[in-house]
Number of protein chains: 2
Amino acid sequence: MSTPLGRRPDGLDAGVNEEVFANPRSDRVKTVRNLIARAGRMADDRRVVAEGPQAVREAVAAGCVGDLWLTPEWDDREVGLAFAVRDAGGYVHLATRAVLDAMSAAAQGVLAICTWPDVGLAQVLADGPPDLVAVFEDARDPGNAGSAIRAADAAGASLAIFTVGCVDPRSAKVIRSSAGSFFHLAVAGGVPLDETLVALSAAGCQILAADGAGRHDLLESAPPFGDMTHDDGSSPSSAGGLGLDLSKPTVWLFGNEARGLSEEAMALADASVRIPIFGRAESLNVAMAATLCLYASAQAQGNR
Amino acid sequence: MSTPLGRRPDGLDAGVNEEVFANPRSDRVKTVRNLIARAGRMADDRRVVAEGPQAVREAVAAGCVGDLWLTPEWDDREVGLAFAVRDAGGYVHLATRAVLDAMSAAAQGVLAICTWPDVGLAQVLADGPPDLVAVFEDARDPGNAGSAIRAADAAGASLAIFTVGCVDPRSAKVIRSSAGSFFHLAVAGGVPLDETLVALSAAGCQILAADGAGRHDLLESAPPFGDMTHDDGSSPSSAGGLGLDLSKPTVWLFGNEARGLSEEAMALADASVRIPIFGRAESLNVAMAATLCLYASAQAQGNR
């Protein structure tokens, strides 16, 4: 049965009434699997894959889905998904659970191939200094990288940057671990560290390095609850005993969990900040550290 | 070559000079693999497995290693490990990397079988109300559970409790994800929710439910930096506009990421607290939520 969008060159129908694709060994399945598995992305490949309901919903809401693959069960359950994808000019393919499982062990019956632009730093800086940015150096674990993107989103950051040497933030596992937050803010990957920090600094952001041996204690820099103005009229964050003003436009810099930040990164930072450890843990992972630092900034900036 | 500890009944030598165990298909390898893979633990089985250098180091420091398996390379690199294990009455086995890999994909060349007691609530409460406790309901993801234990450790909590229906906190993946923090504080699993909360409440702890729709805003309850006393002499946390005193002995209650806390759990809590979301993320994962809540308490309690 034909649809307003007509037929694709490959002959597959774009409507919800199309036949259910049932061959897990087909070339189309292999193509999707390869897209998910690829280690290095071509620089001009703007496709990303959203696996599972949560990531797919956010991709659909962002209007970037080129191809939505889902089981008839999911199509019945969330009718809006297919409609939204077709409205935005995308294609919808019904497929068996076996096909979805063959495409991705994480699909849970629904998966989307999206076209998502890489974000250029110039683009982001065009509107003046961003209030809150997270920059990651040498972040290797895709699960932690995705959680860190989620933390940046929750704290209201507008940009997450993964410098050269990090995991590809556009990889399927990062997107999945971000619980869809990947589609909520600008995420840049493969950017040189020095250029990034110099540009953000020139734009008016302070660069704070999260470091286990940092000079400032994050908790001593946090603003108080309630009344946000001190007796002398200063803002509570600028009155911090340690000279750190978290209410200013801020770039947080996070390093590798085992090795910390490089000397180069530390040299480019305006100040270093430590998260105090009260128990016997050696450190926090990068997602937890990002959550605490970015929320401290959000609180100081009065993002609410 | 014999050692002060002599020989085990199975004939394996306990010294560092023993032969290098090289058969990845042996029964001993299978035994370890089964120990790691088991879904349900027997209630009286006190063995836990630490995989990889970080978890093993902490297990060795905790003096609970019964059997240390490591490659000659690791034995050369961290001589102290084998000494410490033998000093504490444990056995050391050199093995090839292939053997270690066959035991666990996460061993990275070093693995420990530990004897670690289950913690009873009565035991923990014997010394009066603990200052800071994390209780998890319906926590299913072992990676997040491990990270949450790490957060509890970092924030100085003395106890992490996983109620009935949660992932087994003694499973190898939870221990690994805790980065060794499992061995730093009391971790209890399979405990009934109601009994736990009633006992902690009776001991003098306030029960705070972390909930997306909570009545109190976590950040508005956080104490200020710097001067910890207000003009009227009150402590800053008790002066919180929202009536929440984070400096008191506190039990934080965390629910399932998708479903939140049960009605039963909410009913047992003294107050509900939300983490504000500034961006477009729907929520934080349980490890990130635990990090923010437990650190807010640590800060208010002046754990430093």
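Residues numbered from 1 in each chain as written. Chains lettered and ligands numbered in written order. Predicted model: local features only at pLDDT ≥ 70, side-chain atom pairs only at ≥ 80, totals over all residues. Heavy atoms only, no water.

Trainee: What's the story with the pattern of salt bridges in this structure? I'm lost.
Mentor: Opposite charge on two side chains lets them pair, provided their charged atoms get close. Under the definition given, this model contains 14 salt bridges over all chains. A:Arg97 serves as the salt-bridge partner of A:Asp101, at 3.0 Å between the closest nitrogen and oxygen. Residue A:Asp101 and its partner A:Arg97 are both found in helix α5 (residues 97–103); the two are separated by 4 residues, about one turn of the helix. Since its relative accessible area comes to 44%, A:Arg97 is described here as partly exposed. A salt bridge links B:Asp138 to B:Arg140, with the nearest nitrogen and oxygen atoms 2.8 Å apart. Each of A:Asp138, A:Arg140 and A:Arg259 takes part in salt bridges that share partners, so that together they form one network. (Salt bridge = Lys/Arg side-chain N within 4 Å of Asp/Glu carboxyl O. Helix = DSSP H or I, 4+ residues; strand = E, 2+ residues; numbered from the N terminus. Buried < 20%, exposed > 50% of the residue type's maximum accessible area, 1.4 Å probe, protein only.)

Trainee: In this structure, what is going on with the environment of A:Arg86? I would like to understand it.
Mentor: Residue and element names in this part refer to chain A. Mapping Arg86 onto the fold places it in helix α4 (residues 79–87). Taking the relative accessible area as the measure of exposure, Arg86 reaches 16% and is therefore buried. Along the backbone, Arg86 and Ala112 are 26 residues apart, and their C-alpha atoms lie at a distance of 13 Å.

Trainee: Whenever I open this one, the sheet that holds strand β4 (residues 110–115) of chain A confuses me. Can you help?
Mentor: The strands making up a sheet are joined through hydrogen bonds of the backbone, oriented either antiparallel or parallel. All names here are of chain A. Here 4 strands make up an open sheet; going across it, the order is β1-β4-β2-β3 and the pairing mixed. Both outer strands of the open sheet, β1 (47–51) and β3 (91–94), are each paired with one neighbouring strand and no more. Averaged over all pairs of adjacent strands, the angle between their axes in this sheet comes to 15 degrees, without regard to strand direction. Bridge count for strand β2 (residues 65–70) against β4 is 5 bridges, and the pairing is antiparallel. Its bridge partner being in β4, Trp69 is matched across the sheet by Leu111. Taken strand by strand, helix α2 (residues 52–61) contacts β1, β2 and β4, and its axis lies near 135 degrees from that of β1. (Pairing = 2+ DSSP bridges. Axes fitted to C-alpha atoms, helices over the stretch in contact; angles between N-to-C directions. Contact = heavy atoms within 4.5 Å.)

Trainee: Can you walk me through the packing of aromatic side chains in this structure?
Mentor: Centre-to-centre distance and the angle between the planes together describe a pair of aromatic rings. Considering all chains together, one arrives at 16 aromatic pairs over all chains under this definition. Relative to A:Phe254, the ring of A:Trp252 has its centre 6.3 Å away and its plane inclined at 15 degrees; by these criteria the two rings are stacked. Across the pair, A:Phe254 and A:Trp252 agree in class, each one buried. Ring centres of B:Trp116 and B:Phe182 lie 6.1 Å apart, and the angle between their planes is 45 degrees; this geometry places the pair in the tilted category. Of this pair, B:Trp116 sits in the loop between β4 (110–115) and α6 (121–125) while B:Phe182 sits in the loop between α8 (172–177) and β7 (186–191), and the two are 66 residues apart along the sequence. For the pair B:Trp116 and B:Phe182, one class covers both residues: buried. Within the aromatic cluster, the residues linked to one another by ring pairs are A:Phe136, A:Phe162, A:Trp252 and A:Phe254. The ring of A:Phe83 carries the charged tip of A:Arg86 above its face, separated from the ring centre by 5.4 Å. (Phe/Tyr/Trp six-rings, centres within 6.5 Å; stacked < 30°, edge-to-face > 60°. Lys NZ or Arg CZ within 6 Å of the ring centre and 35° of its normal.)

Trainee: Just checking my understanding: could you explain the side chain of B:Gln301 for this structure?
Mentor: All names here are of chain B. Structurally, Gln301 can be placed in helix α12 (residues 286–301). Given the relative accessible area of 18%, Gln301 is considered buried. Not counting chain neighbours up to four residues away, the residues in contact with Gln301 comprise Asp131, Leu132, Leu246, Ser247, Lys248, Pro249 and Thr250.

Trainee: Got a minute to help me understand helix α4 (residues 79–87) of chain B in this structure?
Mentor: Given 3.6 residues per turn, any residue in an α-helix points the same way as the ones three and four places further on. Residues and elements named next belong to chain B. Among the residues of α4, those classed as buried are Leu81, Ala82, Val85 and Arg86. Projection of α4 onto a plane perpendicular to its axis shows the buried side chains occupying an angular sector of 120 degrees, all on one side. Considering only its buried residues, α4 is in contact with α2 (52–61), β2 (65–70), α3 (72–77) and β3 (91–94). Phi turns positive one or two residues past the end of α4, at Gly89, with a value near 90 degrees. (Arc of directions from axis to C-beta.)

Trainee: Which parts of the structure should I look at to understand the sheet that holds β4(B)?
Mentor: Residue and element names in this part refer to chain B. Taken together, the 4 strands give an open sheet; going across it, the order is β1-β4-β2-β3, and neighbouring strands pair in mixed fashion. The sheet is open, and its two borders are formed by β1 (47–51) and β3, each paired with just one other strand. On average, each strand axis in the sheet is inclined to that of its neighbour by 15 degrees, with strand direction left out of account. Bridge count for β1 against β4 is 5 bridges, and the pairing is antiparallel.

Trainee: Just to check I follow, could you spell out the packing of helix α7 (residues 142–154) of chain B against α12(B) for this structure?
Mentor: For any two helices packed against each other, one specifies the inter-axial angle together with the distance between the axes. All names here are of chain B. Here α7 crosses α12 at 10 degrees, and the two axes come no closer than 8 Å. It follows that α7 is roughly parallel to α12 by the angle criterion. Along its contact with α7, which presents Asn144, Ser147, Ala148, Ala151, Ala152 and Ala154, the element α12 presents Val286, Ala287, Ala290, Thr291, Leu294 and Tyr295. (Parallel < 35°, antiparallel > 145°, perpendicular 65-115°, else oblique.)

Trainee: How should the nonpolar core be read in this particular structure?
Mentor: Buried together is how nonpolar side chains tend to be arranged in soluble globular proteins. In terms of nonpolar packing, the biggest core is built from 134 residues, with A:Phe136, A:Trp252, B:Phe136 and B:Trp252 touching the most fellow members. When near neighbours in sequence (up to four residues on either side) are disregarded, A:Trp252 contacts A:Leu132, A:Val133, A:Ala134, A:Val135, A:Leu208, A:Ala210, A:Leu218, A:Leu246, A:Val273, A:Cys293, A:Leu294 and A:Ser297. (Core = buried A, V, L, I, M, F, W, Y, C linked by side-chain atoms within 4.5 Å.)

Trainee: Even after reading the chapter, I still don't get the pairing of strand β8 (residues 206–210) of chain A, so can you show me in this structure?
Mentor: Along any regular strand, the residues point their side chains to alternate faces of the sheet. All names here are of chain A. Within β8, 5 of the 5 residues are buried, leaving the element largely enclosed by the surrounding structure. Residues Gln206, Leu208 and Ala210 line one face of β8 and the alternating positions Ile207 and Ala209 line the opposite face, and both faces are buried. Bridge analysis of β8 against strand β11 (residues 271–274) gives 3 bridges, and the strand direction is parallel. Its bridge partner being in β11, Ala210 is matched across the sheet by Val273.

Trainee: How do you make sense of the side chain of A:Gln206 when you look at a structure like this?
Mentor: Residues and elements named next belong to chain A. Among the secondary structure elements, Gln206 is positioned in strand β8. The exposure class of Gln206 is buried, given its relative accessible area of 10%. Within the structure, Gln206 has its side chain in polar contact with the backbone oxygen of Asp245 (distance 2.7 Å). (Polar contact = N/O pair within 3.5 Å; in protein donor to acceptor, adjacent residues only side chain to side chain.)

Trainee: What's the story with the environment of B:Pro249 in this structure? I'm lost.
Mentor: Residue and element names in this part refer to chain B. Considering the arrangement of structural elements, one finds Pro249 in the loop between α10 (218–221) and β10 (250–254). The exposure class assigned to Pro249 is partly exposed, which follows from its relative accessible area of 23%. A sequence separation of 136 residues divides Pro249 from Ile113, and the C-alpha atoms of the two residues are 35 Å apart. The residues contacting Pro249, other than those within four sequence positions of it, are Pro129, Pro130, Asp131, Gly204, Cys205, Gln206 and Gln301.

Trainee: Would you mind going over helix α1 (residues 27–37) of chain A with me for this structure?
Mentor: Residues and elements named next belong to chain A. Among the residues making up α1, those that are buried are Val29, Val32, Leu35 and Ile36. Down the axis of α1, the smallest arc covering the buried residues is 125 degrees, so these residues share one side. Turned more than 90 degrees from where α1 packs its buried face, Asp27, Asn34 and Ala37 sit exposed. Looking at the packing, one finds that the buried side of α1 touches β1, β2, α5, β4 and α8 (172–177).

Trainee: Is there a simple way to think about the packing of helix α12 (residues 286–301) of chain A against α12(B) in this case?
Mentor: In the contact formed by α12(A) and α12(B), the axes pass within 9 Å of each other and the chain directions differ by 50 degrees. What the angle tells us is that α12(A) and α12(B) run oblique. Considering the relative orientation of α12(A) and α12(B), their crossing is right-handed. Judged by residue contacts, A:Met288, A:Thr291, A:Leu292 and A:Tyr295 of α12(A) engage B:Met288, B:Thr291, B:Leu292 and B:Tyr295 from α12(B). When the residues that make up the contact of α12(A) with α12(B) are grouped by side-chain class, the tally is 6 nonpolar, 2 polar and no charged. (Left-handed = near helix turned anticlockwise from the far one by under 90°. Nonpolar A, V, L, I, M, F, W, Y, C, P; charged D, E, K, R; others polar.)

Such coordinate-based values are descriptive only and should not be taken to indicate function.
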